[in-house]
Amino acid sequence: MRRVFSNGRVLTPSHAVVDGPIVVDGDWISQIGGVVAPFEGACETIDLKGALVMPGLVNAHGHTAMTLVRGVGGGLPLQRWLEEAIFPVEAKMTPEDIRAGVTWGVMEMLASGTTLVADMYDFPQAGGEAFAAAGMKANVCRVGLCFSETDEVPPGRAKECIDFVRDFKDSTGRVVADFCVHSEYLTSERIVRALAEANADFRRPVHAHVSETEKEHRECLARRGKTPIAYLADCGLLDHGGYLAHAVWATDDDFAVARAKGAALVHNPTSNMKLGSGFARIPAAIAAGTRVALGTDGCASNDNLNLFEEMHLAALIHKGVAKDPTALPAGAVLDMATVNGAKALGRNDTGALAVGMKADFCVVDFDKPHLKPCLDIMNALVYSAQASDVVMTVVDGEILYDHGEYPTIDAGRAEFEFRAAVKRLGL
Ligand SMILES: [Zn+2]
């Protein structure tokens, strides 16, 4: 099947704009710009009416089913927020709740241009199936957790994590399974090392929280004699890369370790501000040559899954913190939200629009008062555009969101099941 998305303007990896069509054969981009030659087979033409085609956004750190607990515990500091507000509700969740929460989050992400998410949450089989059913790309994981340094609590968790990576299958190929440890403080060294050893066979980047709060960072130094990133690296967990969320308190040495391991830091500016965690030193990390991606975190600490908002905040806060308007330019922020996230998640075939890449993109309607005049496309996307300007989202050449409609999701049923799950959880 060929799809010709005509009359668009296409954002290229060099941040230039090419007028003309983007042609998709199956799930791949086969042509950008120019004149489309006659085609014998099945072909559908979609008129984009002058809108901008940009790479699908990559949410490199999220807990999608936390749509179910959106806003819960607002105003509490991180540890109290987790222990008093979030964990008691999460303890009641079932696979059905996760399916409903993920599908609801997928709808929010597709409507705001996100095509790929790194998802860390309970019941990843149910979550992974929900992503696959909707057609969205996701890196899912069984979260490596341990509440004791000496015993495996809960028992069997390390085996579950390894079995999940080995056994998870998605016939669409859009959802993959990765290893994950929640954090240095919520797992034991034995589990970290067990997952690192198992990953020698799979060679996957690993998902983890690191140095989110000053307290966590300092306690790790006291407990292990090293920072969370150094500790995970020394255990071998980052030997095949990683996507390390927050890194608010990461040091220059941590940046060097992450770079050497090919691991990316994932910046979550809204979550870090809402939970009062601090400002990650993102310009310093980039200057050190460390890859930095962008994420929303869960929408109980955000409280949405809107990467346009994250781009906007990331581009602004570092200029304010550094008192330097040249800090973190708009183009660097767009790369964080697209190609850097894709590479961090071990997906080198998405995150940029070029011939031979997967057809993962969103279409942004620039025929809006707040987008005119458009003197600089990067500035417009990062400072002026809103998530609601996204009119279409395409994954592997398949249209998953189209002007408020979801061709792969029964939106009415999704809302019914989401409401039922929220009620069941007593919220
Ligand atoms: Zn998180």
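The paragraphs below set out a description of the structure included in this document. Just so it is clear, the structure is predicted and the values come from calculations on it, not from any experiment. (Residues numbered from 1 in each chain as written. Predicted model: local features only at pLDDT ≥ 70, side-chain atom pairs only at ≥ 80, totals over all residues. Heavy atoms only, no water.)

1. Description of unusual backbone geometry
Of all residues except glycine, most have a negative phi; of all peptide bonds, most are trans. Counted only if it meets this: For the purposes of this entry, the term helix denotes a DSSP run of H or I that reaches at least four residues, the term strand denotes a run of E that reaches at least two, and both are numbered from the N terminus. For every residue, the accessible area (1.4 Å probe, protein chains only) is compared with the maximum for its type, and the residue is labelled buried under 20%, exposed over 50%, or partly exposed between those bounds.
A cis geometry characterises the amide bond from valine 153 onward to proline 154, with omega recorded as 0°. Within the fold, proline 154 resides in the loop between strand S8 (137-141) and helix H4 (157-167). Within the chain, serine 211 stands out as a residue other than glycine whose phi angle is a positive 45°. Mapped onto the secondary structure, serine 211 falls in the loop between strand S11 (206-210) and helix H6 (214-224). Look at serine 211 and you get buried, because its relative accessible area is 0%. A positive phi angle, close to 65°, is found at aspartate 297, a residue other than glycine. Mapped onto the secondary structure, aspartate 297 falls in the loop between strand S14 (292-294) and helix H11 (307-322).

2. Looking at the pairing of strand S7 (residues 114-119)
Stated precisely, the cut-off is as follows: Two strands pair if DSSP finds at least two bridges between them. The path from the first strand over the helix to the second decides the hand: if it runs clockwise while the strands point away from the viewer, the crossover is right-handed.
When you tally the buried positions in S7, you get six out of six residues, the bulk of the element. Examined bridge by bridge, strand S6 (residues 57-62) and S7 share four bridges and lie parallel to one another. Looking at the pairing, valine 58 lines up with leucine 116 of S7. Alignment of S7 against S8, held across three bridges, turns out to be parallel. Bridged to leucine 116 within S8 is lysine 137. Between the parallel elements S7 and S8, the chain passes through helix H3 (residues 124-134) in a crossover that is right-handed.

3. What to know about the sheet that holds strand S13 (residues 263-267)
Taken together, the five strands give an open sheet; going across it, the order is S10-S11-S12-S13-S14, and neighbouring strands pair in parallel fashion. In the strand order of this sheet, the two ends are held by strand S10 (180-181) and S14, each with one partner.

4. Examining the coordination of the zinc ion
Here is the rule we go by: Coordinating donors are taken to be N, O and S atoms lying within 2.8 Å of the metal, or within 3.2 Å when the metal is Na, K or Ca; because water is excluded from the atom set, some sites may appear incomplete. Just to be clear on the cut-offs, tetrahedral is four donors with all angles between 85 and 135 degrees, square planar is four donors and octahedral six with opposite donors over 155 degrees apart and all others between 65 and 115, and anything else goes down as irregular.
The zinc ion binds to the protein through His61 (NE2), His63 (NE2), His209 (NE2) and Asp297 (OD), with metal-donor distances spanning 2.1 to 2.2 Å. Coordination at the zinc ion is irregular, judged from the four donor atoms that bind it and the angles of 88 to 170° they form at the metal.

5. Here's the deal with the environment of valine 355
Here is the rule we go by: By the convention used here, residues are in contact when the closest approach between their heavy atoms is within 4.5 Å.
Locating valine 355 in the fold gives a position in the loop between helix H13 (339-344) and strand S15 (361-364). C-alpha of valine 355 to C-alpha of glutamate 96: the two residues are 259 residues apart in sequence and 39 Å apart in space. Apart from residues no more than four positions distant in its own chain, valine 355 is found in contact with Ile29, Ser30, Gln31 and Ile32.

6. Overview of the nonpolar core
What counts here: Note on terminology: a nonpolar core comprises buried Ala, Val, Leu, Ile, Met, Phe, Trp, Tyr and Cys residues joined through side-chain atoms within 4.5 Å. Residue ranges for the domains trace back to a domain assignment, done automatically or taken from a database.
Membership of the largest hydrophobic core comes to 61 residues, with the highest contact counts inside it found for Met54, Leu232, Phe308, Met311 and Leu381. When residues of this core are sorted by domain, at least three fall in each of domain 1 (2-55 + 350-402) and domain 2 (57-344). Non-local contacts of leucine 232, meaning those with residues more than four positions away in its chain, are made with Val181, Val192, Ala208, Val210, Leu237 and Leu238. By size, the runner-up hydrophobic cluster in this structure holds 47 residues, among which are Ala65, Leu78, Val102 and Phe131.

7. Focus: the sheet that holds S6
Rules: Here the axes come from fitting lines to C-alpha atoms, over the contacting stretch only for helices, and the angles between their N-to-C directions go from 0 to 180 degrees.
As summarised here, the arrangement of the four strands in space is S6-S7-S8-S9, forming an open sheet in which the pairing is parallel. What marks the edges here is a single partner per strand, and that holds for S6 and strand S9 (175-178). The mean angle between the axes of side-by-side strands here comes to 15°, regardless of whether they run parallel or antiparallel. Bridging between S8 and S9 involves four bridges; their strand directions are parallel. Its bridge partner being in S9, asparagine 139 is matched across the sheet by valine 176.

8. Points about the pattern of salt bridges
Formally: Within this document, salt bridges are pairs made up of a side-chain nitrogen of Lys or Arg and a carboxyl oxygen of Asp or Glu, the two lying within 4 Å of each other.
Scanning all chains against the criterion turns up 35 salt bridges. Linking glutamate 149 and arginine 224 is a salt bridge whose minimum nitrogen-to-oxygen distance equals 3.2 Å. Placement of glutamate 149 in the loop between S8 and H4 and of arginine 224 in helix H6 is noted, with a sequence separation of 75 residues between them. Notably, a salt bridge pairs glutamate 398 with arginine 174, separated by 2.9 Å at the nearest N-O pair. Pair noted here: glutamate 398 is in strand S17 (residues 398-402) and arginine 174 is in the loop between H4 and S9, with a separation of 224 residues, a long-range link. For arginine 174, a relative accessible area of 10% corresponds to the buried category. Through salt bridges with shared partners, a single network forms among Glu149, Glu184, Glu189, Arg193, Arg223 and Arg224.

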